[in-house]
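This is what each chain is made of:
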Amino acid sequence: MSSMTASLKNLREKPWIWSYLGMLVVWLATISFTGGKGGGDVITAALSFATFTVIVGIGQMFVITTGPGNVDLSIPANIALSGAVAMKVMGGENEMLLVGFAASMGCGLAVGIFNYSLIRVLRIPPIIATLSASFLILSTAIAYGRGLKIKPPLLLSDFTTLQIAGIPVLALFIIVVATVMSVVLNRTLYGRSVLAIGQNMRAAWLAGINVERIRFATYVLSALMAALCGFLLAGFSGGASLNMGEEYLLASIAVVVIGGTSVAGGKANVPGIWGAALFMFMLVTMLNTFGASAGIRLIMTGLIIVAVITIAGGDKPER
Amino acid sequence: MTTTQIVNFEAVAKSFGAVRALVDVDMQVVAGECLGLVGHNGAGKSTLMNVLAGTLSADTGVIGIHGQNLTRHYNVAVAHDHGIRCVFQELSLCPNLTVAENARIFHASLKGFGWKKRAGKMIIDKLDEIFPQHGIQADDVVGDLTIGRRQMVEISRAFTVSDEPLHLVILDEPTSSLDVVAARQLLSFVRKVVSEGQSCILISHMLAEILDYSDRILVMKDGEVVEEKLAQEYDRDSLVAAMGNVVESEAIEAHEENIKIRGKTPLVVKAVPRTQTGGIEFCAHKGEIVGLAGLASNGQKRMLLQVFSAADRHLNDTRVEGPVALVAGDRQTDGIFHLWSIGQNVGVRSLKNMVKGWLIGRDQEDAMASKWQAKIKIKTPDMNNNILSLSGGNQQKALFARALGSDAEIVLMDDPMRGVDVGTKLEVYDQIRKEAEEGRTFLWYTTEMDELFNCDHVYVFRNGQIVSELSRSELTEEKILQSSFKESA
């Protein structure tokens, strides 16, 4: 009994476990409905699509972890712009792949610097700053528009859709990136500083942390991740489109929160983002399999997310 | 005077996991007395008071209030209904509300048109009564007040009366953030209240306060009451002995021979307060302990922050040579990372030196944690526990360890001994002395007169200006009080 409560306590300290449990339950429900058919395909599809959510989710996680009020709403616009720019620069040529990649990273860097300067120099709250930035970025993408009808280089589209034994290679690649980011969060000066700032910005400053440099790095990191997502997504879906980033606005925030990162800042984890992204995708797949109508699907998605967060987010208030 | 019993605790016990915070504690409080409560950090004083205030429930034991056995359904509301109020060490005011609004939270009967005015009058009247010339307005937002003023508001609020009864006020380290004058005002007010038939429980690490102002003293150690006598039966030495203190109380005097000749070592800090034009310059030389004296919140902390922010860049009015670390006094706002372990809180200032390649070395972090746990005696079974599992004084020790364990050559201390017990204080004083001899510089803002006698040189602040400077040999309590109050012509 006591070992049971001890292991339960251990579980509580690993908030990401719940998103994986949720994913497992949803997957089992789906394949029991289909009588075991298509279980593997669901996983393959979930890995393919969750990959993109994870990329932007990691960036968003770092931003949210720097404390209340910090959020990056410019992610969708950034995805659209960097995808479009990369497609245009590459013009479908394999040789231009690296140049295109550099171009989309350049877009991300510019967006990150722009976001941060709005926040820092003009002292606009991050939620407003990144939202208004996103209008400007999207307008730029529209004006630039020429990248939109261009096919990605064959090499890129092959790489983003390549599978080995049903496992998308891109997903494996992003699992490595997530692992690295997890180490960055927990074991580097930068990650520790982010966690400290999220708990108490003033105490972090007085403990000798360069608060503004870290916040700058965080908004740039988030923008770079969004740009990476835009680049890969354009390759994956056969070209860039203006609205291809749309669903990632809420998804990037949802996976962070469902994954067990505290919205109040100072507490974060990377594994949960993967679990949450897979969970979200499988949830929609399950409801589709059940033949639920669009209305029911939305209601169920909402309810199940609330349920998972209630169970997982059992943070007792301190004192 | 009749001796009506207000509180009767019998064999009250409380454990947190494996830690036995209270072991069969008996405690009685009668009407019209001031009960002093002393003991080391982590002795269980605050836990006992939390049980009495209803914020923690006892595991076993009997809780009797006004002769009724209330053990089964005791909580904050019941305590409040029975006239028991508590001023906690961790201040409990809402920082985003005004002083008047905070007063209203306590008094549900203040409603209808003009409640804000009445609440404001109520709290300001009480402030005037306890702390004349407090300088607080009813519509001040609490978060903008200094920690000393917040404490004044918190204390005064506990003594305000509307239609609920008031029998007992618990004062947990009430003077830790107050300067000498305000502390005296409070303590004489306590005596007045007690003579009118109400009761107080007074917790303080300043033994003189306990000896002079309480009627009866309860000594706690490791969760138990080890001794209970009338206050006049104790003197400082016997009280220290009862607490089980290993450090001799004469240790303070021993420092007095440490008088250095100022200016023999290079200058490391030179600054003029921003609120001052001309006048006395603030200077600190390598290896000096420089005191910032005067009444609370007269610009001392601003001076420290000015030095702190000048450490990594060049400013015209402030010159600082060498890395700086700060020991926070207002630990909730300036110090603690509440989601982290004790070890992480200690290590955060020194992470740069723990990096190997790209990563923070776990071994170095653990080593620093256990080194400082032993060195400064942080009372915990495991440095990996959350920082909030520590008592207030022990949290403060962790903040000390953070600064002393860092690479800083200049350590700024913002009245850092709030809630730290006598034994630890003396050990930390020794540590500071030793490190100063090895070349570290300390800038020490303190509201405690005794602590100034550890300094080599003292600057007295009033209204954001330096009004006088005293070397160690010139330093007397009278001189400091005189310049703290001196009216500018």
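Residues numbered from 1 in each chain as written. Chains lettered and ligands numbered in written order. Predicted model: local features only at pLDDT ≥ 70, side-chain atom pairs only at ≥ 80, totals over all residues. Heavy atoms only, no water.

### Some remarks on the overall build of chain B
Alright, step 1. What chain B contains, in helices and strands, is 17 helices and 21 strands.
Alright, step 2. In terms of C-alpha radius of gyration, chain B reaches 23 Å, essentially the compact-globule figure of 23 Å for 489 residues.
Alright, step 3. Taking the principal axes of its C-alpha atoms as reference, chain B extends roughly 65 × 55 × 45 Å.
Alright, step 4. For chain B, with 489 residues in total, the buried portion stands at 57%.
Alright, step 5. A total accessible area of about 20,100 Å² is found for chain B, and carbon and sulfur atoms account for 51% of it.
Alright, step 6. Each charge sign in chain B was given a centre, from 52 positive and 66 negative side chains, and these centres are 5 Å apart. (Helix = DSSP H or I, 4+ residues; strand = E, 2+ residues; numbered from the N terminus. Rg over C-alpha atoms; globule rule 2.2 N^0.38 Å. Buried < 20%, exposed > 50% of the residue type's maximum accessible area, 1.4 Å probe, protein only. Areas by Shrake-Rupley, 256 points an atom, 1.4 Å probe, with all protein chains shown as cover. Lys, Arg positive; Asp, Glu negative; His and termini not counted. Charge placed at Lys NZ, Arg CZ, Asp CG, Glu CD.)

### Digging into the pattern of salt bridges
Alright, step 1. Per the stated rule, a full pass over the model turns up 24 salt bridges over all chains.
Alright, step 2. Residues Arg216 of chain B and Glu33 of chain B are paired through a salt bridge, measuring 2.7 Å at the closest nitrogen-oxygen approach. Here Glu33 of chain B lies in the loop between strand S2 (19-30) and strand S3 (34-38) and Arg216 of chain B lies in strand S9 (residues 216-221), a separation of 183 residues in the sequence. Exposure class is identical for Arg216 of chain B and Glu33 of chain B. Each is buried.
Alright, step 3. The residue Asp215 of chain B makes a salt bridge to Arg191 of chain B at a minimum N-O spacing of 3.0 Å. With a gap of 24 residues between them, Asp215 of chain B in the loop between helix H7 (207-213) and S9 and Arg191 of chain B in helix H6 (residues 180-195) connect regions that are remote in the sequence.
Alright, step 4. For Arg191 of chain B, a relative accessible area of 27% gives the class partly exposed.
Alright, step 5. By sharing partners, the salt bridges in this structure join Arg202 of chain A together with Lys301, Asp334 and Asp414 of chain B into a single network. (Salt bridge = Lys/Arg side-chain N within 4 Å of Asp/Glu carboxyl O.)

### Comments concerning the interface of chain B and chain A
Often, the extent of an interface is quoted as the loss of accessible area on bringing the components together.
Alright, step 1. Between chain B and chain A, the residue contacts involve 29 residues of the former and 22 residues of the latter.
Alright, step 2. Interface of chain B and chain A: buried area, both sides summed, is about 2,400 Å²; carbon and sulfur atoms make up 60% of it.
Alright, step 3. Area buried by chain B at its contact with chain A is led by Phe337, Leu339 and Trp340 of chain B, which between them contribute 22% of it.
Alright, step 4. There are two salt bridges connecting chain B and chain A.
Alright, step 5. One salt bridge connects Glu365 of chain B with Arg192 of chain A, and the closest N-O pair in it is separated by 2.8 Å.
Alright, step 6. Here chain B is connected to chain A by seven residue pairs in polar contact (both at pLDDT 80 or more).
Alright, step 7. Listed by contribution, the elements that provide at least two residues to the side of chain B that touches chain A are helix H10 (300-310), helix H11 (331-334), strand S17 (359-360), helix H13 (362-376) and helix H14 (392-404) of chain B.
Alright, step 8. Sorting elements by how many residues they give to the side of chain B that touches chain A places H10 of chain B first, with four residues.
Alright, step 9. Grouping the constituent residues of the side of chain B that touches chain A by class yields 14 nonpolar, seven polar and eight charged. (Contact = heavy atoms within 4.5 Å. Buried area = accessible area lost by both parts, 1.4 Å probe. Polar contact = N/O pair within 3.5 Å; in protein donor to acceptor, adjacent residues only side chain to side chain. Nonpolar A, V, L, I, M, F, W, Y, C, P; charged D, E, K, R; others polar.)

### Describing the sheet that holds strand S21 (residues 465-471) of chain B
Residues and elements named next belong to chain B.
Alright, step 1. Across the sheet, which stays open at both edges, the six strands sit in the order S15-S18-S19-S13-S20-S21 with mixed pairing between neighbours. For this open sheet the edge positions go to strand S15 (324-327) and S21, each flanked by a neighbour on one side alone. Here the average twist between neighbouring strands, direction ignored, is 20 degrees.
Alright, step 2. Pairing of strand S13 (residues 289-293) with strand S20 (residues 457-462), which is carried by four bridges, proceeds in the parallel orientation. Bridge pairing in S20 places Gly291 opposite Val458. (Pairing = 2+ DSSP bridges. Axes fitted to C-alpha atoms, helices over the stretch in contact; angles between N-to-C directions.)

### Section: a nonpolar patch on the surface
Alright, step 1. A cluster of nonpolar side chains, contributed by Ile296, Ile299, Met300 and Leu303 of chain A, occupies part of the molecular surface with about 360 Å² of accessible area.
Alright, step 2. Relative accessible area serves as the criterion here: at 31%, Met300 of chain A is assigned to the partly exposed category. (Patch = residues over 30% accessible without salt bridge, like charges linked within 9 Å, V, L, I, M, F, W, Y side chains within 5 Å.)

### Brief notes about the environment of Gly405 of chain B
Alright, step 1. Positionally, Gly405 of chain B belongs in the loop between H14 and strand S18 (410-414).
Alright, step 2. Setting aside chain neighbours within four positions, we find Gly405 of chain B in contact with Ser350, Met368 and Trp372 of chain B.

### Notes on the side chain of Thr447 of chain B
Alright, step 1. Residue placement: Thr447 of chain B occurs in the loop between strand S19 (441-445) and helix H16 (449-452).
Alright, step 2. Within the structure, the side chain of Thr447 of chain B is placed 2.7 Å from the side chain of Asp415 of chain B, a separation counted as a polar contact.

### A closer look at the environment of Val420 of chain B
Residue and element names in this part refer to chain B.
Alright, step 1. Its location among the elements puts Val420 in the loop between S18 and helix H15 (422-437).
Alright, step 2. Owing to a relative accessible area of 2%, Val420 belongs among the buried residues under this scheme.
Alright, step 3. For the pair Val420 and Asp59, spaced 361 residues apart in sequence, the C-alpha separation works out to 27 Å.
Alright, step 4. Ignoring anything within four residues of it in the chain, the contact list for Val420 reads Asn41, His205, Gly393, Gln396 and Lys425.

### A few points about the packing of helix H7 (residues 154-161) of chain A against helix H11 (residues 211-236) of chain A
Residues and elements named next belong to chain A.
Alright, step 1. Running from N to C, H7 and H11 cross one another at 95 degrees; their axes reach a closest spacing of 7 Å. The angle between the axes of H7 and H11 places the two elements in the roughly perpendicular class. Contacts between H7 and H11 involve Leu156, Ser157, Thr160 and Thr161 from the former and Phe231, Leu232, Gly235 and Phe236 from the latter.
Alright, step 2. The class makeup of the residues in the contact of H7 with H11 is four nonpolar, four polar and no charged. (Parallel < 35°, antiparallel > 145°, perpendicular 65-115°, else oblique.)

### Here we look at the packing of helix H3 (residues 99-106) of chain B against helix H4 (residues 115-130) of chain B
All names here are of chain B.
Alright, step 1. For the pair H3 and H4, the least separation of the axes is 8 Å and the interaxial angle reads 90 degrees. When the axes of H3 and H4 are compared, the pair comes out roughly perpendicular. Contacts from Val99, Ala100, Glu101, Ala103 and Arg104 in H3 reach Trp115, Lys116, Ala119, Gly120 and Ile123 in H4.
Alright, step 2. Across the contact of H3 with H4, the residue classes tally to six nonpolar, one polar and three charged.

### As for the nonpolar core
Generally speaking, soluble globular proteins have nonpolar side chains that are buried together.
Alright, step 1. Among the nonpolar cores identified, the biggest contains 195 residues, and Phe159, Phe282 and Leu443 of chain B are the most heavily contacted of them.
Alright, step 2. Ranked by size, the runner-up nonpolar core spans 32 residues in total, among them Val25, Ala43, Ile201 and Ile203 of chain B. (Core = buried A, V, L, I, M, F, W, Y, C linked by side-chain atoms within 4.5 Å.)

### Focus: helix H12 (residues 248-258) of chain A
Every α-helical turn comprises 3.6 residues, leaving residues that sit three or four positions apart pointing alike.
Alright, step 1. Of all the residues in H12 of chain A, the buried ones are Tyr248, Ala251, Ser252, Ala254, Val255, Val256 and Ile258 of chain A.
Alright, step 2. The first or second residue beyond H12 of chain A is Gly260 of chain A, which carries a positive phi of 100 degrees.

### Things to note about the sheet that holds strand S12 (residues 282-285) of chain B
Residue and element names in this part refer to chain B.
Alright, step 1. Pairing is antiparallel in the open sheet, where three strands are placed in the order S12-S11-S14. In the strand order of this sheet, the two ends are held by S12 and strand S14 (318-320), each with one partner. This sheet shows a mean twist of 15 degrees between the axes of neighbouring strands, independent of strand direction.
Alright, step 2. Of the pairings in the sheet, the one linking strand S11 (residues 267-271) to S14 comprises three bridges and is antiparallel in character. By the bridge assignment, Ala271 is partnered in S14 with Thr318.
Alright, step 3. Relative to S14, H10 is tilted by about 60 degrees, and along the sheet it contacts S11, S12 and S14.

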